[in-house]
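Fold and geometry: a report
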Amino acid sequence: MKHVYEFDFAGRKLQVEIGEIAKQADGAAFVRFGDTVVLSTVCGSDEPKDGDFFPLTVEFLEKQYAVGRIPQSFLRREGRPTEHATLAARLIDRPIRPLFPEGFRNEVQVVNTVMSVDYDNTPEMTAMFGSSLALGISDIPFDGPVSGVYVGRVNGKLIIDPTDEERKASDIDLAVAGTKDAIMMVEAGAREVPEEEMLDAIMFGFEAIKELCAFQEKIIKEIGKAKREVVLYVPDPAIKEDIDARIKTRMVKAISIFDKLERQDAIDALKQEIIQDYDTRTYPSEKEHVATMRMVNDILEKMVADEVRRLITEEKIRPDGRKVDEIRPLDAQVDLLPRAHGSAMFTRGQTQVISTTTLGPLSDAEIIDNITTETERHFFHHYNFPPFSVGEVRRMGSVGRREIGHGKLGERALSYVLPSIEEFPYTIRCVSDVVESNGSSSQASICASCLSLMAAGVPIKGIVSGIAMGLISSGPLDEEHPYTILTDIQGLEDHFGDMDFKCAGTEKGITALQMDIKIHGVTREVLSLALAQANKARAEIREVMKKAIAEPRLEVSKWAPKMVTFQIDPEKIRDVIGTGGKVINDIIAQCDQVKIDVEDSGKITIYHFKKEMIEKAKGMIDDITREAKVGEIFEGKITRVEEYGAFVNLFGDTDGLCHVSRLSWDYIEDATKFCKVGETMKVVVIGLDEKGKVKISHREFLEKPEGYQERSERPSSEHRGERPSRRDSRPRGGKDRRH
């Protein structure tokens, strides 16, 4: 049976259809938000999977037909997920994952198929709403609902789910998700917005989220299925008690070791002691043996987690002995790589990132083929996390979801301080290679990339520093349960903590935020404290960065392409390009393969490593597009001589006609008897006819006879057969003169 529900949200209609489409899925919702349509489906396995984690998969499938396009791939069909689809899937995954029961091991797959896109009504948040609702009405255990909104700010006014035009004008680009009780996820970019103003925007979005959650609750109450009975994974209490008694005291000491690798070795040695004991025991079956060993590993892992959390919340002691608001030792360097256009290394404790900046012509822009309005990108930030950075051996394949997400976070944080294309017409690529990691590598990559941009001579508007904040709680976030906010979390604190809150920005304000949590939401108070603590840390990091390089270099590297930008008349573009590109290709060939970008507006940018090649190419284009002006003087070669006059090359392909009457003050009947092809003649422009043909004169550079009287000019080349009468052509004294 088909059920239809409607809700007026943010001045637009949100409609949900359930029961007609995808009926074999455990839960399905066909969601319409304006003209945006998303089919959200969920399926869960009947039996738990082997493993020590919850196997949840969230997909965001972009269909190009949703925006009336045919895919540009070779096969003309959708292939692997685009970067946008990957980021959208992560956006949905992060707030719903913590809402499944602890110990739930059944595989769950959430698939959002984007079937129609209205750019004023976001498909990402429509898909998040649909995912939550599909889970809510299914029999899969889920402690939702959860919803999300975008928040923008135009002219100081906060807006829920801004339109495409409003988002372009907004100084805040915020995605926030949560339940009716607390905030679950934050993802934001901003034009250096102060912390309190960003916090107000987050809470503004939270109020709208409550409305969407209430709408979902109404639907779930009416048609939701009863939740299935599932077996939640719980370790054997007897095994846990045995392990605690044998190594807990020694584990506490191991956790307090400062050095990451030394600490990990000590923890691993204790784990191995227990694992070897249980592994050599006799079991009724291989299945029970495997299950017991998995349980032992889980107990050991939780022992470490519990002790880390107890030390921090109760004794305010961190694994490496730092204070809760203390940053690890910092170091910043630039110019590590001599041939890179810009390079830098940023180190924070045992996290170290080398970042490079490469400058290219605008034609090197990344071509975007997804369902958004974006078609190309002139700045991109790539993040790489090789296994050696954490001392592991692991297969190295294509870039993963985590690397895409961290790269995009850095791109967002830095994009707000970059110059416009008009100010700095380059395509810019930053690459952050993590060479050592013990937490917060994404924020270290932002710091390193900011340094490399300045070293490359990119005129950024401010220094961007980033820090990762953490939260360790002893229970619900209330007065009865203490919690601690940590500055600069390391790997162990991130792994076992309740929140990973990344904050980046300049001294003026925030440029990027990202918050992920493992508990059921955080409050305004927690966010406010975390932002204030992060502000202090970012200022400390900026001072270290300034010691390495205080401001952007005034010139780009000698290895980077130089450039010049100028404007021509758009009507002249065809002359510069030439038939089949013949003219522009000839310029490129003559100027050592310069790069030339020509825009429809008539803006031309020329790139080359050598300035002289740029100037040569510019001169050739100037000659093509230049127009002669009355009064201009030229000294050019004669290219053609006819009886009625001589043609002189002024510049480029532009010739001027010096009529026979303008060759000399004396009478000349035949120009071929006065000058020859190849000779140089000094001329002045005296006019342009209605077709743009240039009229020139030579006689102004000859001595004018006394008593000279002006005569009428002979007919132009269009009337070559006509001659002036003999009377009008009579000589009036003096000798012929040539220059």
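Above this text is the structure in question.
Throughout what follows, the structure given in this document is the object of discussion. Note that the structure is predicted; figures quoted are calculated from it, not measured.

Further remarks concern the overall build of the protein chain. Counting its secondary structure elements, the protein chain contains 14 helices and 29 strands. What you see for the protein chain is a C-alpha radius of gyration of 36 Å, clearly larger than the 27 Å of a compact globule of 739 residues, by over 25%. Projected onto the principal axes, the alpha-carbon positions of the protein chain cover approximately 130 × 60 × 50 Å. Counting the 739 residues in the protein chain, one finds 53% classified as buried. Contacts in the protein chain between residues at least 24 apart in sequence constitute 71% of all its contacts with a sequence separation of at least 6. Surface accessibility of the protein chain: about 34800 Å² in total, with carbon and sulfur atoms responsible for 50%. Looking at charge distribution, the protein chain has the averaged site of its 102 positive side-chain charges lying 6 Å from that of its 125 negative ones.

On to the nonpolar core. Ranked by size, the top nonpolar core spans 131 residues in total, and within it Ile183, Ile202 and Leu513 carry the most contacts. The element contributing the most residues to this core is helix H4 (residues 195-223), with twelve residues. Excluding residues within four positions of it along the chain, Leu513 makes contact with Val186, Glu187, Ala188, Met198, Ile202, Leu409, Phe501, Lys502, Cys503 and Leu531.

Two elements in contact, helix H9 (residues 441-455) and helix H11 (residues 524-548), have axes whose closest approach is 11 Å; the angle formed by their N-to-C orientations is 30 degrees. One way to sum up the angle between H9 and H11 is to call them roughly parallel. Remark: the crossing between H9 and H11 carries right-handed chirality. Between H9, through Cys447, Cys450 and Leu451, and H11, the contact on the second element is made entirely by Ile541, Met545 and Ala548. Along the lines of polarity and charge, the residues of the contact of H9 with H11 split into six nonpolar, no polar and no charged.

All right, on to the packing of aromatic side chains then. The final tally for this structure, using the stated rule, is 13 aromatic pairs. Between Phe7 and Phe9, the ring centres sit 6.2 Å apart and the planes meet at 25 degrees, which makes this aromatic pair stacked. Through pairs of rings, three or more aromatic residues link up here, namely Phe7, Phe9, Phe33, Phe129 and Phe215. Over the ring of Phe385 we find Arg402; its NZ or CZ atom is 4.4 Å from the centre of that ring. Above the ring of Phe566, the side-chain terminus of Lys618 is found at 4.8 Å from the ring centroid.

So, about the pattern of salt bridges. As a working rule, side chains carrying opposite charge can pair if their charged atoms are close by. As enumerated under the stated definition, the model contains 56 salt bridges in all. One salt bridge connects Arg228 with Asp139, and the closest N-O pair in it is separated by 2.9 Å. Taken as a pair, Arg228 in the loop between H4 and helix H5 (237-255) and Asp139 in the loop between helix H2 (123-137) and strand E7 (147-154) lie far apart in primary sequence, 89 residues in all. Judged by relative accessible area, which is 19%, Asp139 ranks as buried. Between Lys302 and Asp306 there is a salt bridge, with the nearest N and O atoms lying 3.1 Å from each other. Of this pair, Lys302 and Asp306 both sit in helix H7 (residues 286-315), separated by four residues, roughly a single helical turn. Residue Lys302 is classed as partly exposed on the basis of its relative accessible area of 41%. Residue Asp306 is classed as partly exposed on the basis of its relative accessible area, which comes to 34%.

Looking now at helix H6 (residues 260-279). Taking 1.5 Å per residue as the helical rise, H6 with its 20 residues ought to reach 28 Å, and the 27 Å between its terminal C-alpha atoms agrees with that figure. Among the residues of H6, those classed as buried are Lys260, Arg263, Ile267, Leu270, Lys271, Ile274, Ile275 and Tyr278. For H6, the buried positions fall inside an angular range of 135 degrees around the axis, keeping them on one side. Every exposed residue of H6 that faces more than 90 degrees away from the buried side is listed here: Leu261 and Asp265.

Before going further, it helps to examine the pairing of strand E9 (residues 172-178). In terms of residue burial, E9 counts as a mostly covered element, since six of its seven residues are buried. Where E9 meets strand E10 (residues 183-193), seven bridges bridge the pair, whose relative direction is antiparallel. From the neighbouring strand, Ile172 faces E10, where its bridge partner is Ala190. Taken together, E9 and the strand that follows it, E10, pair antiparallel across an intervening segment of four residues.

Calculation notes
- Residues numbered from 1 in each chain as written.
- Predicted model: local features only at pLDDT ≥ 70, side-chain atom pairs only at ≥ 80, totals over all residues.
- Heavy atoms only, no water.
- Helix = DSSP H or I, 4+ residues; strand = E, 2+ residues; numbered from the N terminus.
- Rg over C-alpha atoms; globule rule 2.2 N^0.38 Å.
- Buried < 20%, exposed > 50% of the residue type's maximum accessible area, 1.4 Å probe, protein only.
- Contact = heavy atoms within 4.5 Å.
- Areas by Shrake-Rupley, 256 points an atom, 1.4 Å probe, with all protein chains shown as cover.
- Lys, Arg positive; Asp, Glu negative; His and termini not counted.
- Charge placed at Lys NZ, Arg CZ, Asp CG, Glu CD.
- Core = buried A, V, L, I, M, F, W, Y, C linked by side-chain atoms within 4.5 Å.
- Axes fitted to C-alpha atoms, helices over the stretch in contact; angles between N-to-C directions.
- Parallel < 35°, antiparallel > 145°, perpendicular 65-115°, else oblique.
- Left-handed = near helix turned anticlockwise from the far one by under 90°.
- Nonpolar A, V, L, I, M, F, W, Y, C, P; charged D, E, K, R; others polar.
- Phe/Tyr/Trp six-rings, centres within 6.5 Å; stacked < 30°, edge-to-face > 60°.
- Lys NZ or Arg CZ within 6 Å of the ring centre and 35° of its normal.
- Salt bridge = Lys/Arg side-chain N within 4 Å of Asp/Glu carboxyl O.
- Expected span 1.5 Å × (residues − 1).
- Arc of directions from axis to C-beta.
- Pairing = 2+ DSSP bridges.

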